[in-house]
Amino acid sequence: MSIKAPLSILVTSLLLVTAGTTALSAKPVKKAQSKPFLIQGKLPHLTMMVKMMWDDKDLALTPTQKQKLLQIRKETISGAQNLNKEIIALENKIVQASNKGANPESLKQDVYKLANLRAEATMLHLQCIYKTRKILTQDQLDILE
């Protein structure tokens, strides 16, 4: 048996172990900011879809529809951004306390508050969808869907 085979296995093993420890000791990669909603990726962002087709001749939005849709979008985005700021701050507070060894019972009130904020954001999104659907005609909705 040649010495090259055991030597290559040893080198490969060392590389894997070194890479594994480096990955474990590295700072965590910052993930993309999450949305404030309870329901993620399953509800349409209807006003975004409308915005992308704003001047589409087939969609044919009227000036009145455009005005109403802009107002809904403005209110929804503003409300979601405000809630998201609160959500992020509260999440960070909970995570920091937990990482420092806080008793879960001491975090319970903040966890429930976090859940309520996310529920409020989800209701805001549902209201946006509902109001947008009420402004559009069935033909316009068919185009969007």
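Since this is a predicted model, take the numbers as computed values, not measurements.

1. Section: unusual backbone geometry
The backbone of A60 shows a phi angle near 50°, a positive value even though the residue is not glycine. With respect to the secondary-structure elements, A60 resides in the loop between α2 (46-52) and α3 (63-99).

2. Section: the nonpolar core
Counting residues in each nonpolar core, the largest one holds twelve residues, listed as L46, V50, L59, L61, L69, I72, C128, I129, I135, L136, L141 and L144. At the level of secondary structure, the elements contributing two or more residues to this core comprise α2, α3, α4 (104-135) and α5 (138-144). Looking at this core, the element that brings in the most residues is α4, giving three residues. The contact partners of I72, leaving out residues within four places of it in the chain, are T47, C128, K131, T132 and I135. Grouped together as the second largest cluster of nonpolar side chains are ten residues, F37, A80, L107 and L117 included.

3. Thoughts on the confidence of the model for the chain
Chain-level pLDDT for the chain is 85 on average; 77% of the residues reach the 70-or-more range. Overall, residues 10-29 carries pLDDT values under 50, and its contacts beyond four positions in sequence, including any with other chains, amount to zero contacts.

4. Digging into the packing of α3 against α4
It is the contact of α3 with α4, at a shortest axis distance of 9 Å, that shows an interaxial angle of 165°. One finds that α3 runs roughly antiparallel with respect to α4. The two elements α3 and α4 meet at a crossing, and its hand is left-handed. Residues that form the contact of α3 with α4 fall into these classes: 16 nonpolar, five polar and ten charged.

5. What to know about α4
Its 32 residues place the ends of α4 46 Å apart at the C-alpha level, agreeing with the 46 Å of an ideal helix rising 1.5 Å per residue. Along its length, α4 shows its largest kink, about 30°, at D110. When we look at burial in α4, the residues that qualify are L107, D110, L114, L117, R118, A121, T122, H125, C128, I129, T132 and I135. Those residues of α4 hidden inside the fold are in contact with α2, α3 and α5.

Conventions used here
- Residues numbered from 1 in each chain as written.
- Predicted model: local features only at pLDDT ≥ 70, side-chain atom pairs only at ≥ 80, totals over all residues.
- Heavy atoms only, no water.
- Helix = DSSP H or I, 4+ residues; strand = E, 2+ residues; numbered from the N terminus.
- Core = buried A, V, L, I, M, F, W, Y, C linked by side-chain atoms within 4.5 Å.
- Buried < 20%, exposed > 50% of the residue type's maximum accessible area, 1.4 Å probe, protein only.
- Contact = heavy atoms within 4.5 Å.
- pLDDT = per-residue confidence, 0-100.
- Axes fitted to C-alpha atoms, helices over the stretch in contact; angles between N-to-C directions.
- Parallel < 35°, antiparallel > 145°, perpendicular 65-115°, else oblique.
- Left-handed = near helix turned anticlockwise from the far one by under 90°.
- Nonpolar A, V, L, I, M, F, W, Y, C, P; charged D, E, K, R; others polar.
- Expected span 1.5 Å × (residues − 1).
- Bend = angle between axes of the 7 residues up to and from the residue.

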